[in-house]
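# An overview of the molecular structure
Listed below, chain by chain, are the residues.
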There are 2 protein chains.
Amino acid sequence: MSGVGAASFEAPGAAGYPACGSSVADSDERRLAWVYLSRVVQGPCAAVSALIASVGVVEAARAVRESDLPESLRPATQQRRGIDRAARDLELAERIGARVVTPDDAEWPAWRLLGLARLDAGREGAMPLALWVRGPGSLSACTERAIAVVGRRYNDDYGAQVTGEVVGDLVAQGWTIVSGAAFGIDGIAHRVALSLGGSTVAVLARGVDRPYPAAHDRLIAQIAESGLVVSEYPLGVPAHKHHFLARNRLIAALSDGVVVVEAGSRSGARNTAKWARRLGLPALAIPGPVTTANSVGCHRMIREGEARLVTRAEDIIEEAGPLRLSQPDTTESAVSGNEALVFDALPRTGSRQPRELATASGIALPEVRAALPVLEFAGLIGVDENGWHRIRHGP
Amino acid sequence: MSGVGAASFEAPGAAGYPACGSSVADSDERRLAWVYLSRVVQGPCAAVSALIASVGVVEAARAVRESDLPESLRPATQQRRGIDRAARDLELAERIGARVVTPDDAEWPAWRLLGLARLDAGREGAMPLALWVRGPGSLSACTERAIAVVGRRYNDDYGAQVTGEVVGDLVAQGWTIVSGAAFGIDGIAHRVALSLGGSTVAVLARGVDRPYPAAHDRLIAQIAESGLVVSEYPLGVPAHKHHFLARNRLIAALSDGVVVVEAGSRSGARNTAKWARRLGLPALAIPGPVTTANSVGCHRMIREGEARLVTRAEDIIEEAGPLRLSQPDTTESAVSGNEALVFDALPRTGSRQPRELATASGIALPEVRAALPVLEFAGLIGVDENGWHRIRHGP
């Protein structure tokens, strides 16, 4: 294998990209690479994401493992590049009923996470490399229509009542409830969803085998039974303080909008709402009495234009719903630029892998990868185990 | 006296304007004219305001009395033009401890009401012709720093508590509380201000001798003892439904901002806030629990951008305060257009009446009247019983 020193990966040839799932062996190799890198970076790492986009995940894993990297990439990978236990991780996951979902998998919520890929790559908002998941549902299906409900750890009766009403109404209308499994509003949101037989997704700031908070063990186990427990941190990784902010970006990214119920002035919920705004998703807050301090953060967010005021599920769906539920624009003329070129590269019948589309369209693989979910969202193409294909509309 | 048929008052010469307070007799004549017209129109009447601006109040009163008017002006005046009891009204007012404040009076809150004059003259937002007042204070002084606090007639404990806290803090910082003396939030706002020895102004939708609601007789009497009870409706006029909307515009116009505490979905308070927006003043609303319907109107106003969310007096002062409390720009170069010409027409020493300034500057009297409060607000000129004069700043 050739090295990926600065010179070589600045201008990689399309032919140099690894194939995507073109054989079982390749597929396994890629999975091991994602899992290895996931443990090396432990959280979002824009530099490694860029490396993968540039040279592919298998080559990126090799380069990291061998420290065959430009100086600028070493700090992010140096500490744990020697820990190569990807195969063991996969075994362990299977043993405890967990799995790893990578960008190669059908249940990868590609169009949800696309927003992260589009954020300034220099920031902490990078795409996750892999998501560790417990629970029966498909991650992409569960988050198809999802609202994040987050808030104060020390809620009062009002917060509990409002969360119960809002979550109850959202669940009744088929929305998945995403939250952070913390004490207070988060826990209530999950519990109400569970009690009504609704779908709920808990995104953790530590490995999915290390539930937190400890007193929420049982809640986490219940969510894992019928919903999903998700983390970008590999098994066994404890929660560090900085994990929570990164975790909040996933709560936002996996949802159609973030609703804050009760928040103090320095609430983590405000951070989650900020992620929603950065991702172009609605950030919403429910007001409360001004005679207690429990809604101070909500009021401040509304007052400062950081969140829109909502009072009930109907408002929330009005804000978060239309974008997702609107009739997709299925006219091919609705796309342009890379999207149009990638679409043109797809045959009328049959499927293609991203790499093939890169070759056919003359567009670099990362741009092809970015274009595909846009086309999918526009209702023009679909994806299955054979790859991407056109969707036929009308006559 | 010449007629004011269409031809003559379309283009009146400046010389044809009546003098403003240039003698006691003139002054009495003008006062009687304002009072007469106030009873004829009973509420805002843009057509009559325009007539007064055009030919002066004395001539306008004569023309109305004699129906010496263009066809378009007759409907607004026909019904009560025969009721000429201005002298009796003034006597009666004096007897019951009330007074009439007209645009000629020093306590006329000229710069407050200027906003109304600037609104589209075709709308219901005209300047009042006279204000009927009970109470010891000067209307212009009492409303120098004023916040309107309005809300639901059927408040709950939360509304009472919030009104108490906000009004208490505003009063402690020297703000006058303006409201409508209705049941519920209005009454609480007045009572809290009174109980703390603060200044409060009640604006009624009927004559100041006919307090409403009846059960608030005692409250109205208390306000008249230390604050002000104000109405643009002459003595004896009962409250008609349409009076309330016109009254709301005065509540807004006499304040630096309108704060709504608890409001149903069709609350009159929302109308008062709308007037604030039309006048360029802050419209503010305090949120409440979403678990009762009492703050539905507040939440809707915030959600729809009709009001900004505030939670406490500090927020309100931040919104309403700076405009009024900011250092006036006392550089003469800060004014332009009519204001500059009117300012130039004022001698370095000595005072001038508006009419003299109109002649000296070549600007029509209504424009001179509009320019004077702007110059006053800019800190460039002042007014006393001798008329308008320059204020000297520094060397």
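In this convention, every chain numbers its residues from 1, walking through the sequence in written order. Chains carry letters and ligands carry numbers; both start at the beginning, A for chains and 1 for ligands, and go up in the order they are written. With pLDDT at 70 or above as the cut-off, local features in this predicted model cover only qualifying residues; side-chain atom pairs require 80 or more to be listed or tallied, and sums for whole chains, interfaces and linings still use all residues. Excluding hydrogens and water, the side-chain figures rest on all heavy atoms present in the structure.

Numbering goes from the N terminus for both helices and strands, where a helix is a DSSP run of H or I of at least four residues and a strand is a run of E of at least two. When helices and strands are counted, chain A shows 18 helices and eleven strands. For chain A, buried positions account for 54% of its 395 residues. Taking the intrachain contacts of chain A between residues at least 6 apart in sequence as the baseline, contacts between residues at least 24 apart amount to 74%. Only carbon and sulfur atoms are counted for the fraction: they give 50% of the accessible area of chain A, which is about 16,400 Å². Burial here depends on accessible area, computed with a 1.4 Å probe over protein chains only, as a share of the maximum for the residue type. Under 20% is buried, over 50% is exposed, and the range in between is partly exposed. Whether two residues are in contact is decided by their heavy atoms, any of which lying within 4.5 Å being enough. Each accessible area value is a Shrake-Rupley result obtained with a 1.4 Å probe; residue values ignore everything except the protein chains displayed when judging cover.

A separate point is unusual backbone geometry. Residues and elements named next belong to chain A. Of note, Ala181 is a non-glycine position whose phi angle comes to about 60°, a positive value. Along the chain, Ala181 turns up in the loop between β4 (176-179) and α10 (185-195). Note on Ala181: relative accessible area 0%, which makes it buried.

Moving on: the interface of chain A and chain B. The interface is formed by 20 residues belonging to chain A together with 20 residues belonging to chain B. Buried surface area refers to the total accessible area, computed with a probe of radius 1.4 Å, that the two partners give up upon joining, counted for both partners together. Together, Val290(A), Arg303(A) and Leu309(A) form the three largest contributors to the area buried by chain A at its contact with chain B, with a combined 44%. Throughout this description, the term salt bridge denotes a Lys or Arg side-chain nitrogen within 4 Å of a carboxyl oxygen of Asp or Glu. The interface formed by chain A and chain B holds six salt bridges in total. Salt-bridge contacts for Arg303(B) lead to Glu318(A); the nearest nitrogen and oxygen are separated by 3.6 Å. Two N or O atoms form a polar contact when they lie within 3.5 Å of each other; inside protein one atom must be a possible hydrogen donor and the other a possible acceptor, and for residues adjacent in sequence the pair counts only when both atoms belong to side chains. Seen at the junction of chain A and chain B, the total is eight residue pairs in polar contact (both at pLDDT 80 or more). Counting only elements with at least two residues in the side of chain A that touches chain B, the list comes to α9 (157-172), α14 (296-303), β9 (308-309) and α15 (313-325) of chain A. For the side of chain A that touches chain B, the class distribution of residues is nine nonpolar, five polar and six charged. Gly is put with the polar residues, along with every residue not named as nonpolar or charged; the nonpolar set is Ala, Val, Leu, Ile, Met, Phe, Trp, Tyr, Cys and Pro, and the charged set is Asp, Glu, Lys and Arg.

Let us look at the pattern of salt bridges. Using the criterion set out here, one finds 40 salt bridges over all chains in the structure. Measuring nitrogen to oxygen at the nearest pair gives 3.4 Å for the salt bridge that ties Arg312(A) to Asp315(A). According to the relative accessible area criterion, Arg312(A) is partly exposed, its value standing at 41%. Taken together, the shared-partner salt bridges connect Arg303(A), Arg308(B), Arg312(B), Glu314(B), Asp315(B), Glu318(B) and Glu319(B) into one network.

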